[in-house]
Amino acid sequence: MCGIIGYIGNNAVEDILLSGLKSLEYRGYDSAGIALNDNQGIDVFRAKGKLVNLKNVLNTQNLKNKHFSQGIGHIRWATHGEATIENAHPHTSNDGNLVLVHNGIIENYQSLREELTQQGFHFFSQTDTEAVVHLIDREYKKTLSLESAVINAIALLKGAFALCIMHHNEPDKIIAVRKNAPLILGLGCNENFIASDIPALIGKTQNIIYLDDNELAIVEKDAVVIKDFKGNILHKNIEKINLAQDDISKQGYKHFMLKEIHEQPRIIRSMITANMSTPFEPIHFNGINVEDLVQNVDKIEIIACGTSLHAAMIAKNIFEELCKIPVIIDAASEYIYKSHLTDAKTLSIGISQSGETADTITALKQARTHQAKILAITNRIDSTIVRCADFVFPLNAGIEVSVAATKSYSAQLAALYLLALAVAERQKCADIIKLTKIKQELFSIPNKMEEIFYSCNHIKQCAQKYSKYHSFIYIARGINSASAFEGALKLKEISYINANAYLAGELKHGPIALLDSQLPVFAILSPDGKIYDKIISNCEEVKARCAPLIALTTSDSFYKKDLFDDVLTIPSVSELLSPLLFTLPLQLFAYYFADCLNMEIDQPRNLAKSVTVE
Ligand code: M6R
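Residues numbered from 1 in each chain as written. Predicted model: local features only at pLDDT ≥ 70, side-chain atom pairs only at ≥ 80, totals over all residues. Heavy atoms only, no water.

J.: How do you make sense of the nonpolar core when you look at a structure like this?
T.: In a soluble, globular protein the nonpolar side chains are often hidden away together inside. Phe472, Tyr474 and Phe589 are the most contacted members of the largest nonpolar core, which has 102 residues in total. No other element matches the 14 residues that helix α13 (residues 407–427) contributes to this core. Both of domain 2 (251–451) and domain 3 (454–601) provide at least three residues apiece to this core. Dropping the residues within four chain positions of it, Phe472 is found in contact with Tyr466, Leu491, Ile497, Asn498, Ala499, Asn500, Leu519, Pro520, Phe522, Ile550, Phe589 and Phe593. Listed in part, the 34 residues of the second largest apolar core include Tyr7, Ala32, Leu36 and Ile399. (Core = buried A, V, L, I, M, F, W, Y, C linked by side-chain atoms within 4.5 Å. Buried < 20%, exposed > 50% of the residue type's maximum accessible area, 1.4 Å probe, protein only. Helix = DSSP H or I, 4+ residues; strand = E, 2+ residues; numbered from the N terminus. Domains from an automatic or database assignment. Contact = heavy atoms within 4.5 Å.)

Laid out in structure tokens, this is it:
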């Protein structure tokens, strides 16, 4: 949520800020702004909407003759106050000398605002952030030192904040602050950078320092000093990042989402082969000792949000089936506020693509206070979740740019299958022949994923045919119930179509009242005999209400063809592993549906890739 960039050095400040913001646009696009400092004063430029609007504003300015030495920039995902120019960052002190950008939420902003208003500060926005700029300004007027002013001010703030602050009178430095919102420093030669995330620094530097919570950095052109919130100097490691521009380019695809969907076979293949050389040998993880992971564990809880929560729903089925361990799943936002059974015999698994989802991180920190073991499954090994965990399963899916999660989801599923199989092997809780068969089948999954791409055109035609409808229902049973939830989420987030998922057996208990010829139903037919027959009966009930009916099923298990208006198929697969394959046509259907409507597929409205506020 919200992206921050800062730069100090001799190169073109404006260009560096804009290219950094472009790479951070997945974090929000409600407004964008930059502040540039030269000898004359600080210039602030802001625009509502996407970065391109800010660029248009800048094109009307004559900045060529100015020499800026430092700047900060921001793209916003609105929390407090609508997406307007007044609420866009950077925010400025009343005398125009102090500017800052913020990611996070200041929980006590209301009382600070009242206090500062009484003291004569004028507010021009509805944001929580503006209280911070006036607070630091008040302290600056007392101390005449930006560093002291920041240290005094942040001691009065409650909530989450990553901040970049500069003052016209101190043009040799930018101050960066981190508390419960990500921030990194990029070290260059006679230049330094601050950013919310690594993509903003690709092509600029490979040397990174990760700020931790309750740390601030005084960033100068040729020096960086890191301190705790009391002002004590800290010594931090410099780490190398190894990413190229190619890692965040569309590589010829129309959208990042389509590119990321097509990356899935490769990612799953390399995850499987990295952890088991053949199906006949035990699974081994680099960095996770399975014995330690499950020693003294009598239950597993899985905590996640959104698509990652759907992966958790599938994991419950896998672990209970293979490992005979009870699994509780919780949306992180719910876990935080309820009583739970977490204790020292619990393995708490947090699943998060970004590793920065605030709800998931807060929940895991809570689980830790109950002495649970923490396993993080994440696509970002540089993220906050890793620092909350005892064990980490890196997904290695590469940077996922599209806001709609696709490749990270199937990578999460593959990781969870491998983990469950490894636990079942070590604990001997399932027959070895059965486990070997599942492992053999797992090896075949990437090729079968590739086969699904042969039917892209068919899926596209089907999506185009249904793109005239304004609502959708997805149904499934058993392990694929979560596939139905994920299919519906993909469609709604990129098409703005009202798509809901139901357990097929629950339709008759209420949702069936919705059905008519204007509400298509997308049925995911699990390949297994028992469930297959039941869901066919549910589809008969749907057809009797004249709802258009699409089947998604395996190529070999299909009968009752006449019942359906359209049929999409995947290669033959067992029910246990079928979510890995069903997800691809569901993603492609949502993608082509949205593309047919000309939607902003990679950056859907109101969403952000990394949800760093609770
Ligand atoms: O980074 P995380 O996996 O923790 O993100 C959780 C959700 O915000 C995320 O999965 C979201 O639902 C996706 N946009 C769905 O496509």
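J.: Looking at this model, I keep getting lost on the packing of helix α14 (residues 432–453) against helix α18 (residues 578–596). Mind explaining?
T.: Any two packed helices are characterised by the angle at which their axes cross and by the distance between the axes. One way to put it is that α14 packs onto α18 with a least axis distance of 9 Å and a crossing angle of 20°. Between α14 and α18, the angle is such that the two are roughly parallel. Viewed along their axes, α14 and α18 form a crossing whose handedness is right-handed. Each of Leu442, Ile445, Lys448, Met449, Ile452 and Phe453 in α14 lies in contact with α18, whose residues at this interface are Leu580, Leu581, Leu584, Pro585 and Leu588. Within the contact of α14 with α18, the residues separate by chemical class into 10 nonpolar, no polar and 1 charged. (Axes fitted to C-alpha atoms, helices over the stretch in contact; angles between N-to-C directions. Parallel < 35°, antiparallel > 145°, perpendicular 65-115°, else oblique. Left-handed = near helix turned anticlockwise from the far one by under 90°. Nonpolar A, V, L, I, M, F, W, Y, C, P; charged D, E, K, R; others polar.)

J.: Looking at this structure, I do not really get the domain arrangement of the protein chain. What am I missing?
T.: Frequently, the measure chosen for interface size is the accessible area that the parts lose on association. For the protein chain, the domain assignment lists domain 1 (3–247), domain 2 (251–451) and domain 3 (454–601). Here domain 1 and domain 2 share an interface that buries about 980 Å² over both sides, 43% of which is from carbon and sulfur atoms. Inspection of the domain 1/domain 2 interface yields 3 salt bridges. Asp213 is the salt-bridge partner of Lys365, the closest N and O atoms lying 3.9 Å from each other. Across the domain 1-domain 2 interface, the total number found is 3 residue pairs in polar contact (both at pLDDT 80 or more). Of the residues belonging to the side of domain 1 that touches domain 2, the class tally is 8 nonpolar, 1 polar and 6 charged. (Buried area = accessible area lost by both parts, 1.4 Å probe. Salt bridge = Lys/Arg side-chain N within 4 Å of Asp/Glu carboxyl O. Polar contact = N/O pair within 3.5 Å; in protein donor to acceptor, adjacent residues only side chain to side chain.)

J.: Honestly, the pattern of salt bridges in this entry has me stumped. Any pointers?
T.: Pairing between side chains of opposite charge can happen when the charged atoms of each approach one another. Tallied over the entire structure, the rule returns 35 salt bridges. With its nearest N and O atoms 2.8 Å apart, the salt bridge here joins Lys141 to Asp137. Here Lys141 and its partner Asp137 are both found in helix α4 (residues 129–143), 4 residues apart, which amounts to about one turn of the helix. Since its relative accessible area comes to 47%, Lys141 is described here as partly exposed. Judged by its relative accessible area of 1%, Asp137 falls in the buried class. A salt bridge links Arg387 to Asp212, with the nearest nitrogen and oxygen atoms 2.7 Å apart.

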